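Spelled out from the first residue to the last, the chains are:
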Amino acid sequence: MILKQERKSAVFKKLFKQKKEENIVAPVNGKIVPLEEVPDPVFSEKMMGEGIAIIPEDGKIYSPVDGKVIQVAETKHAIGLVTEGGVEILIHIGLETVGLKGKGFIAKINVDDEVKAGQLLMEADLKYISEHASNTITPIVITNSAEGNQNYHFTSEKIAKAGETVIITAEDK
């Protein structure tokens, strides 16, 4: 009898399980473009995962989620975050910026820091980057999207306001 009740309970939980959703807001002000338009096949062909990109208007990079910093590239051109729900996000500031060896970037956070959406993560000198790297476009990639346990919805907005514009919604399947 108890085993039968446990099975029924498990079935009901599965049937009525609420899908969990996480919103990812723009980490920078600027023009939103599909990831496919990033002039680098690593991003445009989604080799690192699903995502979207922003052509930044300024160099202030904010956290797009509440979560934890899991990576700050030694060259400071990329930041990795993970949400409480397990969504892994890479913010890659510019293209071919690894070659700048950290010049033009000031990190405001460290690995293992807990962050809140809208918190300043990085200051990037866009003038310097545009003069010394190939592009300032900033891909925002879900690096664990290939796991296939979530659906992603991308904004149709064209202009991003940092900390406000929801650019990606991750929803459990």
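Residues numbered from 1 in each chain as written. Predicted model: local features only at pLDDT ≥ 70, side-chain atom pairs only at ≥ 80, totals over all residues. Heavy atoms only, no water.

**Points about the overall build of the protein chain**
Line of reasoning, step 1. On a plain count of helices and strands, the protein chain comes out with three helices and 14 strands.
Line of reasoning, step 2. Taking all 173 residues of the protein chain together, 44% fall into the buried category.
Line of reasoning, step 3. Long-range contacts, defined as pairs at least 24 residues apart, comprise 69% of the intrachain contacts of the protein chain with a sequence gap of at least 6.
Line of reasoning, step 4. Only carbon and sulfur atoms are counted for the fraction: they give 50% of the accessible area of the protein chain, which is about 9600 Å². (Helix = DSSP H or I, 4+ residues; strand = E, 2+ residues; numbered from the N terminus. Buried < 20%, exposed > 50% of the residue type's maximum accessible area, 1.4 Å probe, protein only. Contact = heavy atoms within 4.5 Å. Areas by Shrake-Rupley, 256 points an atom, 1.4 Å probe, with all protein chains shown as cover.)

**Side note on the sheet that holds strand β12 (residues 150-154)**
Line of reasoning, step 1. Pairing is antiparallel across the open sheet formed by three strands, whose spatial order is β1-β14-β12. Of all the strands in the sheet, just β1 (21-25) and β12 have a single pairing partner and so form its edges. Between one strand and the next, the sheet's axes are offset by a mean angle of 20 degrees, whatever the strand orientation.
Line of reasoning, step 2. The pairing of β12 with strand β14 (residues 166-172) spans five bridges and is classified as antiparallel. Directly across from H153, in β14, lies its bridge partner T169. (Pairing = 2+ DSSP bridges. Axes fitted to C-alpha atoms, helices over the stretch in contact; angles between N-to-C directions.)

**Notes on the confidence of the model for the protein chain**
Line of reasoning, step 1. Chain-level statistics for the protein chain give a pLDDT mean of 92 and a share of 89% at 70 or above.
Line of reasoning, step 2. Throughout residues 6-10 the model reports pLDDT below 50, and contacts reaching past four residues in sequence, or to other chains, amount to zero contacts. (pLDDT = per-residue confidence, 0-100.)

**What to know about the pairing of strand β11 (residues 138-142)**
Line of reasoning, step 1. Of all five residues that make up β11, five are buried, and the element is covered over most of its length.
Line of reasoning, step 2. Neither face of β11 is left uncovered, since the one carrying T138, I140 and I142 and the one carrying P139 and V141 both have all their residues buried.
Line of reasoning, step 3. Bridge count between strand β3 (residues 50-56) and β11: five bridges; the pairing is antiparallel. Looking at the pairing, I52 lines up with I140 of β11.
Line of reasoning, step 4. Strand direction decides the pairing type here: strand β7 (residues 88-92) and β11, joined by three bridges, are antiparallel.

**Concerning a nonpolar patch on the surface**
Line of reasoning, step 1. A surface patch of nonpolar side chains, about 250 Å² in accessible area, is lined by V42, M47 and M48.
Line of reasoning, step 2. Its place among the elements puts M47 in the loop between α2 (41-44) and β3.
Line of reasoning, step 3. What makes M47 exposed here is its relative accessible area of 54%. (Patch = residues over 30% accessible without salt bridge, like charges linked within 9 Å, V, L, I, M, F, W, Y side chains within 5 Å. Salt bridge = Lys/Arg side-chain N within 4 Å of Asp/Glu carboxyl O.)

**A closer look at the sheet that holds strand β10 (residues 120-124)**
Two strands in a sheet stick together by hydrogen bonds in their backbones, pointing the same way (parallel) or opposite ways (antiparallel).
Line of reasoning, step 1. Pairing in this open sheet of three strands is antiparallel, and the strands run β4-β10-β8 from one edge to the other. For this open sheet the edge positions go to β4 (60-62) and β8 (105-107), each flanked by a neighbour on one side alone. The sheet shows a mean angle of 20 degrees between the axes of neighbouring strands, taken without regard to direction.
Line of reasoning, step 2. Summarising the sheet, β4 and β10 pair through three bridges and their orientation is antiparallel. Residue pairing for β10: I61 is matched across the bridge by M122.

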